[in-house]
There are 2 protein chains.
Amino acid sequence: MQEGCTVNLTVKYLTKKWTLLVILELYKGKIHTRRFGELKDSLPGITSKVLSARLKELEDEGLVNRRVEAGCFPIKSEYTLTESGLEIVEIIKGMKRWALKWKIDNIACGNQACEQCVL
Amino acid sequence: MQEGCTVNLTVKYLTKKWTLLVILELYKGKIHTRRFGELKDSLPGITSKVLSARLKELEDEGLVNRRVEAGCFPIKSEYTLTESGLEIVEIIKGMKRWALKWKIDNIACGNQACEQCVL
DNA sequence: CGGTATCCTTTCGGATACTG
DNA sequence: CAGTATCCGAAAGGATACCG
């Protein structure tokens, strides 16, 4: 595997700060689509700038769909995971399983089961 | 999932530059252990500083074993993947499968099969 | 041989303010 | 409401030199 290889490129955008959280937030809402402000509120501490950047990256990579409600004010936009986005959640779940098997510390979540994670 | 959660912490060190490459380099050599200089040569472009830092992180996280040959000069050190290190390769393989399914670009590798990757 | 130490550049992300 | 623009500090990583 070389630096520019597929896996590496994937990891590159997938592992920026907040990206995983954004994906999981969208995953939680897979029945109903999610709005920008809704996402922002669900991710305490994230700034508009970063959320916007992460969503754009994910959209560019085909993991996220963005739909803007036409001709209404204020603007409404909706985000959903694409098929590939949904599939990558399975990989994140794999990481979670690995982490629970090999790591005992799970401080911030407060519990090993980590129910809040939907994982 | 919150910022300090297990998965997030895992991702955090796993996704630093070079980390994946280092793990896979060790994976390749799973029959014979690997020396520092050997790893450095196998990863063109990496500096001693970064390789050293990555190996230490992985050792701290329990993915890598470091063994120093006692009382010889020049020093000889050997690195191997631990059990958890070997298991995480399976997750990397999952990412690879995902990437090959959803991404068509595989420029640096030159081929979709990506044999050099051992994945 | 297997690293550290130092410096320096680049990148990232936080804070804040602004806009169609 | 859904972002964009600007500025700034922190951190990561590359280059180079050095050491036991």
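Since this is a predicted model, take the numbers as computed values, not measurements.

Student: Give me the lowdown on the environment of Arg35(B), citing residues and values where you can.
Tutor: All names here are of chain B. Among the secondary structure elements, Arg-35 is positioned in strand S1 (residues 34–35). Considered as a pair, Arg-35 and Lys-103 are 68 residues apart in the sequence and their alpha carbons are 34 Å apart. Arg-35 has contacts with Ile-75, Lys-76, Ser-77 and Glu-78, leaving out every residue within four places of it along the chain.

Student: How would you summarise the side chain of Arg34(A) if you had to cite specific residues and measurements?
Tutor: Among the structural elements, Arg34(A) can be located in strand S1 (residues 34–35). Among residues more than four places away in sequence, those in contact with Arg34(A) are Glu25(A), Leu26(A), Gly29(A), Leu39(A), Ser42(A), Ser77(A), Glu78(A) and Tyr79(A).

Student: Before we move on, could you go through the nonpolar core and cite the residues and values that matter?
Tutor: Counting residues in hydrophobic clusters, the biggest one holds 58 residues, and the most contacted among them are Ile23(A), Leu63(A), Ile23(B) and Leu63(B). The contacts of Leu63(A), once residues within four sequence positions are left out, are Tyr13(A), Leu14(A), Ile23(A), Leu58(A), Thr80(A), Leu81(A), Thr82(A), Ser84(A), Gly85(A), Ile88(A) and Trp98(B).

Student: Explain the packing of helix H5 (residues 83–102) of chain A against helix H5 (residues 83–102) of chain B residue by residue, including any values.
Tutor: H5(B) packs onto H5(A) with a crossing angle of 180° between their chain directions and a minimal axis gap of 10 Å. The angle between H5(A) and H5(B) places the two elements in the roughly antiparallel class. Touching Glu83(A), Ser84(A), Glu87(A), Ile88(A), Ile91(A), Gly94(A), Met95(A), Trp98(A), Lys101(A) and Trp102(A) of H5(A) are Glu83(B), Ser84(B), Glu87(B), Ile88(B), Ile91(B), Gly94(B), Met95(B), Trp98(B), Lys101(B) and Trp102(B), all from H5(B). Class assignment of the residues belonging to the contact of H5(A) with H5(B) gives a composition of ten nonpolar, four polar and six charged.

Student: Please set out the sheet that holds S1(A) residue by residue, giving values where relevant.
Tutor: All names here are of chain A. Here three strands make up an open sheet; going across it, the order is S1-S3-S2 and the pairing antiparallel. Either end of the sheet is taken by a strand with one partner, and the two such strands are S1 and strand S2 (64–68). As judged from the five bridges shared by S2 and strand S3 (residues 77–81), these two strands associate in the antiparallel manner. Within the sheet, the bridge partner assigned to Asn-65 lies in S3 and is Thr-80.

Student: Got a sec to walk through the sheet that holds S1(B)? Specific residues and values, please.
Tutor: Taken in spatial order, the three strands line up as S1-S3-S2 (chain B) in an open sheet, and their pairing is antiparallel. Each edge of the sheet is formed by a strand with only one pairing partner; in this case those strands are S1 and strand S2 (64–68) of chain B.

Student: Any details on the environment of Leu20(B)? Residues and values, ideally.
Tutor: Residue and element names in this part refer to chain B. By the element assignment, Leu-20 lies in helix H2 (residues 19–28). Relative accessible area serves as the criterion here: at 4%, Leu-20 is assigned to the buried category. Remark: the alpha-carbon pair of Leu-20 and Trp-102, spanning 82 residues in sequence, is separated by 20 Å.

Student: So what's going on with the protein's contact with DNA strand D? Which residues, and what values?
Tutor: Around DNA strand D sit 20 residues in total, of which Arg35(A), Ser52(A), Tyr79(A), Lys49(B) and Arg54(B) are the nearest. Each atom of DNA strand D within 4 Å of the protein belongs either to a base or to sugar and phosphate, the latter forming 64%. At 3.2 Å, a backbone N or O of Ile75(A) approaches a sugar or linking oxygen of DNA strand D. Residue Lys49(B) places a side-chain N or O atom 2.4 Å away from a base oxygen belonging to DNA strand D. Put simply, the parts of the chain that give the surface near DNA strand D at least two residues each are helix H3 (36–42), helix H4 (48–60) and S3 of chain A together with helix H4 (48–60) of chain B. It is H4(A) that provides the largest number of residues to the surface near DNA strand D, a total of four residues. By residue class, the composition of the surface near DNA strand D is seven nonpolar, four polar and nine charged.

Here is what the cut-offs are and how they apply
- Residues numbered from 1 in each chain as written.
- Chains lettered and ligands numbered in written order.
- Predicted model: local features only at pLDDT ≥ 70, side-chain atom pairs only at ≥ 80, totals over all residues.
- Heavy atoms only, no water.
- Helix = DSSP H or I, 4+ residues; strand = E, 2+ residues; numbered from the N terminus.
- Contact = heavy atoms within 4.5 Å.
- Core = buried A, V, L, I, M, F, W, Y, C linked by side-chain atoms within 4.5 Å.
- Buried < 20%, exposed > 50% of the residue type's maximum accessible area, 1.4 Å probe, protein only.
- Axes fitted to C-alpha atoms, helices over the stretch in contact; angles between N-to-C directions.
- Parallel < 35°, antiparallel > 145°, perpendicular 65-115°, else oblique.
- Nonpolar A, V, L, I, M, F, W, Y, C, P; charged D, E, K, R; others polar.
- Pairing = 2+ DSSP bridges.
- Near = heavy atom within 4 Å.
- Polar contact = N/O pair within 3.5 Å; in protein donor to acceptor, adjacent residues only side chain to side chain.

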